[in-house]
Amino acid sequence: MSLNKIYTIDKIEVVGKYKAIQVKQLLVITENGQEISKNAHRYVLHPDMDISEQPQEVKDICNTAWTQEVKDAWNTFKQEQEDLGV
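Let me sum up the structure you'll find in this document.

Conventions adopted
- Residues numbered from 1 in each chain as written.
- Predicted model: local features only at pLDDT ≥ 70, side-chain atom pairs only at ≥ 80, totals over all residues.
- Heavy atoms only, no water.
- Core = buried A, V, L, I, M, F, W, Y, C linked by side-chain atoms within 4.5 Å.
- Buried < 20%, exposed > 50% of the residue type's maximum accessible area, 1.4 Å probe, protein only.
- Helix = DSSP H or I, 4+ residues; strand = E, 2+ residues; numbered from the N terminus.
- Contact = heavy atoms within 4.5 Å.
- Salt bridge = Lys/Arg side-chain N within 4 Å of Asp/Glu carboxyl O.

**Remarks on the nonpolar core**
Link 1 in the chain: Among the nonpolar cores identified, the biggest contains 10 residues, and these are Ile 9, Ile 21, Val 23, Leu 45, Ile 51, Val 58, Cys 62, Ala 65, Trp 66 and Val 70.
Link 2 in the chain: Of all elements in the fold, only strand 2 (20-31) and helix 1 (56-65) reach the threshold of two or more residues within this core.
Link 3 in the chain: Residue contributions to this core peak at 3 residues, all from helix 1.
Link 4 in the chain: Those residues within four positions of Cys 62 in sequence are excluded, and the remaining contacts are Ile 21, Leu 45 and Ile 51.

Okay, here's the thing in C-alpha coordinates:
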(Lines give C-alpha, C1' and ligand atoms only; values in the text may rest on other atoms or scores of the structure.)
Protein backbone atom coordinates (compact mmCIF):
# COMPACT_ATOMS: atom_id res chain seq x y z
CA MET A 1 0.00 0.00 0.00
CA SER A 2 1.48 3.31 -1.11
CA LEU A 3 0.09 6.63 0.10
CA ASN A 4 1.10 9.85 -1.62
CA LYS A 5 0.32 13.48 -0.83
CA ILE A 6 0.34 15.91 -3.76
CA TYR A 7 0.07 19.66 -3.18
CA THR A 8 -0.88 21.85 -6.14
CA ILE A 9 -1.93 25.44 -6.69
CA ASP A 10 -5.43 25.28 -8.16
CA LYS A 11 -6.25 28.96 -8.47
CA ILE A 12 -4.64 32.36 -7.99
CA GLU A 13 -6.82 35.48 -8.07
CA VAL A 14 -5.96 39.16 -7.84
CA VAL A 15 -8.77 40.96 -6.01
CA GLY A 16 -9.68 44.55 -5.21
CA LYS A 17 -8.10 47.97 -5.13
CA TYR A 18 -5.10 46.80 -3.10
CA LYS A 19 -4.52 43.70 -5.24
CA ALA A 20 -4.98 41.04 -2.57
CA ILE A 21 -3.80 37.69 -3.87
CA GLN A 22 -6.15 34.78 -3.13
CA VAL A 23 -4.56 31.36 -3.44
CA LYS A 24 -6.40 28.05 -3.54
CA GLN A 25 -4.16 25.08 -2.79
CA LEU A 26 -5.26 21.46 -3.25
CA LEU A 27 -4.02 18.48 -1.32
CA VAL A 28 -4.73 15.20 -3.08
CA ILE A 29 -4.02 11.94 -1.29
CA THR A 30 -3.67 8.84 -3.40
CA GLU A 31 -3.39 5.20 -2.47
CA ASN A 32 -1.84 2.92 -5.08
CA GLY A 33 -2.51 5.57 -7.73
CA GLN A 34 -6.20 6.03 -6.82
CA GLU A 35 -7.40 9.32 -5.36
CA ILE A 36 -8.84 8.72 -1.91
CA SER A 37 -9.07 12.30 -0.62
CA LYS A 38 -8.99 15.87 -1.89
CA ASN A 39 -8.98 18.97 0.31
CA ALA A 40 -8.78 22.64 -0.55
CA HIS A 41 -7.04 25.30 1.51
CA ARG A 42 -7.35 29.00 0.73
CA TYR A 43 -5.30 31.91 1.93
CA VAL A 44 -4.88 35.60 1.13
CA LEU A 45 -1.71 37.62 0.70
CA HIS A 46 -1.48 41.41 1.01
CA PRO A 47 1.18 43.76 -0.39
CA ASP A 48 3.04 44.10 2.93
CA MET A 49 3.44 40.36 3.49
CA ASP A 50 6.62 38.28 3.11
CA ILE A 51 6.20 36.06 0.05
CA SER A 52 9.67 34.47 0.12
CA GLU A 53 8.28 31.03 1.04
CA GLN A 54 5.50 31.09 -1.57
CA PRO A 55 5.61 28.93 -4.72
CA GLN A 56 7.29 30.70 -7.64
CA GLU A 57 4.04 31.12 -9.60
CA VAL A 58 2.47 32.94 -6.63
CA LYS A 59 5.57 35.13 -6.23
CA ASP A 60 5.47 36.04 -9.92
CA ILE A 61 1.85 37.20 -9.70
CA CYS A 62 2.48 39.13 -6.48
CA ASN A 63 5.48 40.88 -7.96
CA THR A 64 3.48 41.83 -11.05
CA ALA A 65 0.35 43.01 -9.22
CA TRP A 66 2.07 44.79 -6.33
CA THR A 67 3.51 47.84 -7.99
CA GLN A 68 5.05 50.51 -5.77
CA GLU A 69 1.84 52.52 -6.23
CA VAL A 70 -0.26 49.60 -4.93
CA LYS A 71 2.10 49.03 -1.98
CA ASP A 72 2.01 52.72 -1.06
CA ALA A 73 -1.81 52.80 -1.28
CA TRP A 74 -2.06 49.66 0.90
CA ASN A 75 0.29 51.12 3.53
CA THR A 76 -1.68 54.39 3.56
CA PHE A 77 -4.95 52.45 3.97
CA LYS A 78 -3.51 50.41 6.87
CA GLN A 79 -2.20 53.54 8.58
CA GLU A 80 -5.58 55.25 8.24
CA GLN A 81 -7.27 52.19 9.78
CA GLU A 82 -4.83 52.23 12.69
CA ASP A 83 -5.39 55.95 13.19
CA LEU A 84 -9.13 55.28 13.39
CA GLY A 85 -8.58 52.45 15.88
CA VAL A 86 -10.02 49.83 13.54
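Structure shown, so let's carry the discussion forward.
**Regarding the pattern of salt bridges**
Link 1 in the chain: Across all of its chains, the model carries 2 salt bridges by this definition.
Link 2 in the chain: Across the pair Asp 10 and Lys 24 runs a salt bridge whose closest N-O atoms are separated by 3.2 Å. Linking Asp 10 in strand 1 (residues 3-15) with Lys 24 in strand 2, this pair joins segments that are 14 residues apart in sequence.
Link 3 in the chain: The residue Asp 48 makes a salt bridge to Lys 78 at a minimum N-O spacing of 2.3 Å. Residue Asp 48 is located in the loop between strand 3 (34-45) and helix 1, and its partner Lys 78 is located in helix 2 (residues 68-84); the two are separated by 30 residues in the primary sequence.

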